[in-house]
Amino acid sequence: MQVLARLKPSRSFVPRPSRSIIVVSVLAAACSSEPKPQPASPLPSVSGHVALGRLPDVDTDAVLQHTRVLSSNEYEGRAPGTKREDLTVNYLQDQFIKVGLKPGNADGTYVQKVPLVGITPTPAPLVFTKDSQQTTLKWKDDVVAWTKHVAPSAEIKDSELVFVGYGVVAPEFEWDDYKGIDVTGKTLVMLINDPAVPDPVNAEQLDPKVFGGKAMTYYGRWTYKYEMGKQKGAAGVLIVHETEPAGYGFNVVQGKTGEQFDLVTPDKNMTRPSIEGWITLDSAKALFQSAGQDFDELKKQAATREFRPVPLGVTASMTIKNSLRTINSRNVLAKFEGSDPQLKSEYVVYTAHWDHFGKNADGIFHGAEDDALGCAALIEVARAFTKLAPPATPPKRSILFLAVTGEEQGLLGSEYYSVTPVHPLAKTLANINMDSWNVHGRTKDLTLVGFGASELDDYAAEAAAEQGRVVHADAEPEKGFYYRSDHFNFAKQGVPALDPEAGVDYIGQPADYAKKTREEWNTVRYHTPKDVVLPSWNMDGLREDLKVFFAVGYRVAQAEKFPAWKPGSEFRAKREAMLKQ
Ligand SMILES: [Zn+2]
């Protein structure tokens, strides 16, 4: 799982279980503002539309049973690259076969091999030089950095520092922080989050017309910043950490000082910046001062289209030594083949991650909710497809069930699939994220993270309405949760992706029930050995939720046309270009 404060378990950023529980107050805030239901827009027409009540239920007793198995002691927390990976992969494959699914890989197997590399950096200082004056930033205290180069060491040496504002190029907002300046071989200093453009009507607020207003877009994510560094040929990228726009403290960043896993790309990641890292706000302010610049003033300028990169007249040097190990992990994939001879080559993809943290001195990280439960739901939603009966007909298009590896290490298995897809993304209609579910009873509502991004939300709204329920956005769009789970890798490549989450309005419970269950989750269980199946689990809400997302997948597979991103989505242009080819 990325960053903690999450309404649901699975996001990756904090790679170490011991760092799990940091931001609790945010959670409280998540539930205090009651999200408003929003009207759905008209759906792409679905041929032979079948009412929700005529579709089979998802068997939640079976979901519970799979969850018990996958989170049992025997599975020891399902760490990639261990014998427990074999156990987990075999279990999922066996279950998919029992359900009657065909191999999901075109090579006739139920797996996709995912090569991973673990890189552990040795602590090193970062040295800034202005004229002959040197300033040394202390590892972990002032700077957290790493290299993604699959190599014994990486360095920047006397690399010129250039402040590039938010480091963003966003054509749809006519925004370019680089203005054509060549930054090859330089080290870029960037701000975190989206450009904080004030609303011309009310300067106290962010302009809702650019970068999603209060909501974070992908341009605000730290991963985007490093990707831009690669695109621009930079030697290094240093993000200035600020707690509020980042959404987490520097202590969370400090969690990235240990081993980090990554995909092994053909170029061994050598085209990425040599050094990627974060510096503290204090270190940044001191740096700008030594360069004769005012950080706050430049930050203000960076929130305008007129901003131009500012060479700081300071150089940076850092050498990071690595220890490396490689792991051959696997995604598990199985398909329910479509009934239409032409359309069966097109896919709706359900995903959940099978991996978790394994075990350490604290015990076994069972990962029951995170994410044995998601895998269990994947199996039983697959089974529901086999139970479709008149008036429902089998889906015309194929349904792919994909259990990915390496989510806890940074959404790696899903990244691998989306970059080297088994079935073309141009023929992939949608991704539905199955990570983690509600185990606390029925709700009157459902949360859709990133609500309004694509027409998939309309499908979900329609299905939920058939249960007399409403859907709404997550309470904290500014935290960018949409960009922190596996479905995002599909979105990033252009495929519309849905990220469902539990509702907050529990039937027959006090108003603060959702808040309390979440707090308990975040303070006690999330990424700890206490994430186990509890006697208190109530699957009644899950049964309804899964039916909604089963119906969404089924109806998308039957639809006349592909679901689209809504206008204003940062992924829309990519999808349109892909479908034109
Ligand atoms: Zn997790």
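Nothing here was measured: the structure is a model prediction, and the numbers come from that model.

*Asks:* Explain the coordination of the zinc ion here, please?
*Replies:* Angles at a metal have ideal values that depend on geometry: 109.5 degrees with four tetrahedral donors, 90 or 180 degrees with six octahedral donors. Surrounding the zinc ion are the protein donor atoms Asp370 (OD), Glu408 (OE), Glu408 (OE) and His527 (NE2), which sit 2.0 to 2.3 Å from the metal. Geometry at the zinc ion is irregular, judged from the 4 donor atoms that bind it and their angles of 56 to 144 degrees at the metal. Site description for the zinc ion: donor spacing in sequence, D-x37-E-x118-H. Here Glu408, found in the loop between β17 (398–404) and α10 (412–419), pairs with His527, found in the loop between α13 (513–525) and α14 (540–558); they are 119 residues apart in sequence, far enough to count as distant. We classify His527 as buried; its relative accessible area is 1%.

*Asks:* What is the right way to read the environment of Glu407 from this model?
*Replies:* Along the chain, Glu407 turns up in the loop between β17 and α10. For the pair Glu407 and Arg330, spaced 77 residues apart in sequence, the C-alpha to C-alpha distance is 12 Å.

*Asks:* Please explain helix α3 (residues 83–99) as it appears in this structure.
*Replies:* Residues spaced three or four apart along an α-helix point in a common direction, a consequence of the helix completing one turn every 3.6 residues. Here α3 spans 25 Å end to end across 17 residues, near enough to the 24 Å set by a 1.5 Å rise per residue. Restricting attention to buried positions, one finds in α3 the residues Glu85, Thr88, Val89, Tyr91, Leu92, Gln95, Phe96 and Val99. The arc that holds the buried residues of α3, viewed along the axis, is 155 degrees, so those residues lie on one side. In α3, the exposed positions angled more than 90 degrees off the buried face are occupied by Lys83 and Lys98. Contacts made by the buried residues of α3 are with α2 (60–70), β2 (111–121), β13 (310–336), α9 (368–386) and β17. Just downstream of α3, Gly100 is the residue with a positive phi angle, here 105 degrees.

*Asks:* It is not clear to me how the pattern of salt bridges should be interpreted in this structure. Could you clarify?
*Replies:* Pairing between side chains becomes possible if they bear opposite charge and their charged atoms approach one another. Evaluation of the coordinates by the stated rule reveals 26 salt bridges. Between Glu337 and Lys102 there is a salt bridge whose closest N-O contact spans 2.7 Å. With a gap of 235 residues between them, Glu337 in the loop between β13 and β14 (347–353) and Lys102 in strand β1 (residues 102–103) connect regions that are remote in the sequence. Take Glu337: its relative accessible area is 26%, and that puts it in the partly exposed class. Residue Lys138 pairs with Asp141 through a salt bridge whose shortest N-O separation is 3.1 Å. Residue classification places Asp141 among the partly exposed positions, given a relative accessible area of 41%. Among the ionic contacts, a cluster of salt bridges with common partners joins Glu76, Arg84 and Lys359.

*Asks:* Help me out: how do you make sense of the pairing of strand β10 (residues 236–240) in this one?
*Replies:* Regular strands place side chains that alternate from one sheet face to the opposite one. Of all the 5 residues making up β10, 5 are buried; the element is thus mostly covered by neighbouring parts of the structure. Residues Gly236, Leu238 and Val240 point to one face of β10 and Val237 and Ile239 to the other, with burial holding for every one of them. Pairing analysis gives 5 bridges linking strand β9 (residues 187–191) to β10, with the strands arranged parallel. Looking across to β10, one finds that Val189 is bridged to Leu238. Note on the crossover from β9 through helix α4 (residues 222–231) to β10: the handedness is right-handed. Alignment of β10 against strand β12 (residues 275–279), held across 5 bridges, turns out to be parallel. Across the sheet, the residue bridging to Ile239 is Trp278, located in β12.

*Asks:* Just to check I follow, could you spell out the side chain of Ser159 for this structure?
*Replies:* In this fold, Ser159 is placed in strand β6 (residues 153–163). Exposure remark for Ser159: the relative accessible area of 4% places this residue in the buried category. Those residues within four positions of Ser159 in sequence are excluded, and the remaining contacts are Gly185, Lys186, Thr187, Ala235, Val314, Thr315 and Ala316.

So, how was this worked out
- Residues numbered from 1 in each chain as written.
- Predicted model: local features only at pLDDT ≥ 70, side-chain atom pairs only at ≥ 80, totals over all residues.
- Heavy atoms only, no water.
- Donors = N, O, S within 2.8 Å, 3.2 Å for Na, K, Ca; no water.
- Tetrahedral: all angles 85-135°; square planar, octahedral: opposite > 155°, others 65-115°.
- Helix = DSSP H or I, 4+ residues; strand = E, 2+ residues; numbered from the N terminus.
- Buried < 20%, exposed > 50% of the residue type's maximum accessible area, 1.4 Å probe, protein only.
- Expected span 1.5 Å × (residues − 1).
- Arc of directions from axis to C-beta.
- Contact = heavy atoms within 4.5 Å.
- Salt bridge = Lys/Arg side-chain N within 4 Å of Asp/Glu carboxyl O.
- Pairing = 2+ DSSP bridges.
- Right-handed = clockwise from strand over helix to strand, strands pointing away.

In short, the description is geometric, and any link to function would need to be established separately.
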